[in-house]
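Below are the chains, spelled out letter by letter.
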Amino acid sequence: MKPLWQRLVLVFCIITILVVGVLGFFSASIIKRNYIENREAQMLQSAKLMIENIEASGISIKEPNEALNAQLHKEGGLLDSRLTIVDKAGNVIADTEEDYRQMGNHKNRPEIKALLLDKNLTSASNQRQSSSLGYSMLYTAVPIMEDGKLVGFMRVAVSLELIESAITQLQISLIIMAGVIIVVATLVIIIMVRRIARPITTITDVTHSLAEKDYSQRVMLLPSGEIGELAKSVNLLGEKLQKNVSEIQEKELRLTGVLNNLVSGVLLVNMEHRITLANPAMFELMEKNPLNHNYFEVLPSYQLSNLIKQAFKTGDKQQAEVILYGHNSEKRVDANVVPIQDKHNQRLTGVILVLHDITEIRHLETLRSEFVSNVSHELKTPVTSIKGFSETLLDGAVEDPELRKEFLTIIRDESNRLTRLIEDILQLSKIEQQQIKPHFESVDFVDVVQRVLKVVRKPLKEKRIELVLNLPESYPLTSESDGLHQIALNLISNAITYTPANGRIELSIENAVEQVHVVFRVSDTGIGIPEDDQQRVFERFYRVHKSRERETGGTGLGLSIVKHLVERYHGEITLTSVEDEGTTFEVILPTHPLN
C-alpha cells in the first residue's frame, strides 16, 4: 500500500488535470461560440450592405452577368470575406473567389436550403469543412427580395482557420499552464502533505503497536491543530492502556499466585461445559490435566458431574462430600459448586468447582474417636480392677492376710499401670502439640543406651535373652538426653517384650549419611509383625497382639511416642520385620540438628 502522502499527491494531480482540462474545454468552446456569434452578426450586416449597394447601382441580380460579378469583386474587396450570389434556383451568378460559371448549383447547401424551406427566415448560417479549401468555413446567407419576391441569395463566407488556430494555441497554453501549476502545486502539496502525513503515519504506527500489545509506544512528534490533539489523545490512550494492563497483569499474577498455592482444588467450567481453568491442587486431586475437556469426560466422580449439572440447571450453589477414587488412593473431598453470573446478575456465564481435601481431617476425626474410645477402655480396665478388689477388701477380705496381700498387690500394679498410661498420654499430647520446646545439648548416645540397659537388666535376665552390643566407646551428638533415653527405652523394651525366652537382641550405633547422621538399630528374634500391620504400629493404642499387650501391661503408646520424638529431632524411623523371625527398628538422627 502506498504511503498517505503519495496517495494525496496523486489525488490532487488527478483533480488538477480534470479541472484544467474541463476549464480549457469550456473556455475554448465559449471563445469560439462568441467569436462565431460576433462574426455572424458582422457577416449579416455585410451581406445586407452589399445587397443595398448592388441594388443602388442598378445592376440586375436575377441572372448571371459580368457587371454583377465585377461589382461584387469591387464591393467584396473591401471585406475580409468571400461573397457569393445565388439565384432563387440555386445557380451561382457571381462569386469573389472562383469562376461562378464552374461552381454548380448551391440549392442544397445548408444555409441556402434553410432559406428555401422557411420563407420567414431573414438569414441562415452554417459551419462546415470546405472541400475545396481544406479548413472550416462559416457561411451566412440572406434572401434578396425585389417587390416582395425572392430573386436570389447573398452568401458571405468567412474562414475559421484563424479562430481554430487561436483556440489551438489557447489549449496549448492551458496545457502548459496546467503542467506548470501541477508541478508547482505538486511540490507544495508534497511538502504540506508530508508535514501532515508524517504525524499521521507516526500515530498510525503507534496505534498498531498498541494493538500488538506494545503499550510503551508514544507519539513523540506533536504537531499543532487537530492532528496534535489526536496525537495527545493517542498518547493518553497508550498511558491508560499501559496502566490498566499493568493493573490487570498484577491482579492476574496475584490471582495466579493464590490459585497455584491454594491447597483447595479450583476448576472453572464455561457455558460450553469446557474446563478453562484449573490450579495445581486440582491436577493433584484429579491425577490428570483436565483443561480444555468437557467436565463430564474427566471428572473422576459421577457425583461431582451431577453437582455441576445441577448448578447449571438451577443457578444455585451445590455442596456435597464426595469420594474420589484414584489409581492408588482414595480421597474424600468437600465439593462446592458456585454459579458465576454476569455483572448485571442476569445471565449465567459458568460455574466454579472448589474441592477441599478432607481426607486427613476425616482420618484425624477417626483417630480422635478411636483415641477417646481406647483411652476410655484403657482407663476403665485398671479402674475397674482397683474398684472391684477394693470393694472386696471392704466386704471383709481385709481380715484374711493372704487375700489382703494379694488384692493390695493387684491394686498397686493396676495403679502403676494407670499412672504409666496417664503419663504416656500426657507426654504424647505435649509432644504432638509442641508444648515442650527441644533443649538441645551435648549428649553421649552410648552412655544413654548403657543407662537404659541397666533399667531392663531384670527382664533380660528373667527371659535369658542374649544381648549383642555393637557400640563404640562413645558417640557424642547434639540432642536431648531424656528424649534419647525414652526412644532407646521404648524400642529395647518392645524388643524384650516380643522376644521369647532364650532369644537374641542386637543393639548398634554407627555413622551414616556422610557422618552427619547417627543410626541406632534394635534387632530382635521375636514374633515379628505381620506385613499388613507394619504401616499402623506407630499409631496410638494400636496393638498387633492385643492379648499379649494385656499380659505385659503395655499402653500401646510407646512406638507412637518414639515416632513423634524422632520427628521432633528431624530424624526418621523405619522397620523391617518377618513374622515369626524377628523385627529390626532403625532410627536415623542428625548429629547436629541445629545445623
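About the cut-offs
Residues numbered from 1 in each chain as written. Predicted model: local features only at pLDDT ≥ 70, side-chain atom pairs only at ≥ 80, totals over all residues. Heavy atoms only, no water. Salt bridge = Lys/Arg side-chain N within 4 Å of Asp/Glu carboxyl O. Helix = DSSP H or I, 4+ residues; strand = E, 2+ residues; numbered from the N terminus. Buried < 20%, exposed > 50% of the residue type's maximum accessible area, 1.4 Å probe, protein only. Pairing = 2+ DSSP bridges. Expected span 1.5 Å × (residues − 1). Arc of directions from axis to C-beta. Contact = heavy atoms within 4.5 Å. Polar contact = N/O pair within 3.5 Å; in protein donor to acceptor, adjacent residues only side chain to side chain.

### Observations concerning the pattern of salt bridges
In step 1: In total, this model carries 12 salt bridges according to the counting rule given.
In step 2: Notably, a salt bridge pairs Glu567 with Lys563, separated by 2.5 Å at the nearest N-O pair. Of the two residues, Glu567 and Lys563 both sit in helix H15 (residues 558–568), 4 residues apart, roughly one turn of that helix.
In step 3: Given the relative accessible area of 43%, Glu567 is considered partly exposed.
In step 4: A relative accessible area of 27% means that Lys563 is categorised as partly exposed.
In step 5: Among the ionic contacts, a cluster of salt bridges with common partners joins Arg82, Asp95 and Glu98.

### Section: the pairing of strand E17 (residues 582–590)
The side chains of a regular strand alternate, residue by residue, between the two faces of the sheet.
In step 1: Taking burial as the measure, the 9 residues of E17 include 7 buried ones, the bulk of the element.
In step 2: Where strand E15 (residues 517–524) lies against E17, 8 bridges are found, and the strand directions are antiparallel. Across the sheet, residue Val518 finds its bridge partner in E17, namely Leu589.
In step 3: Relative to E17, strand E16 (residues 572–578) is paired through 7 bridges, and the arrangement is antiparallel.

### Details of helix H8 (residues 302–314)
In step 1: Helix length check: H8 (13 residues) gives 18 Å between terminal C-alpha atoms against 18 Å at 1.5 Å per residue, within 8%.
In step 2: Turning to H8, its buried residues are Leu304, Ser305, Leu307, Ile308, Ala311 and Phe312. The arc enclosing the buried residues of H8, seen along the axis, measures out at 160°, which places them on a common side. Counted as exposed and oriented over 90 degrees from the buried face of H8: Tyr302, Lys309 and Lys313.
In step 3: Next to the buried residues of H8 lie strand E6 (265–270), helix H7 (295–298), strand E8 (318–325), strand E9 (330–341) and strand E10 (348–357).
In step 4: The N-cap residue of H8 is Ser301: its side-chain oxygen and the backbone nitrogen of Gln303 are 3.2 Å apart.

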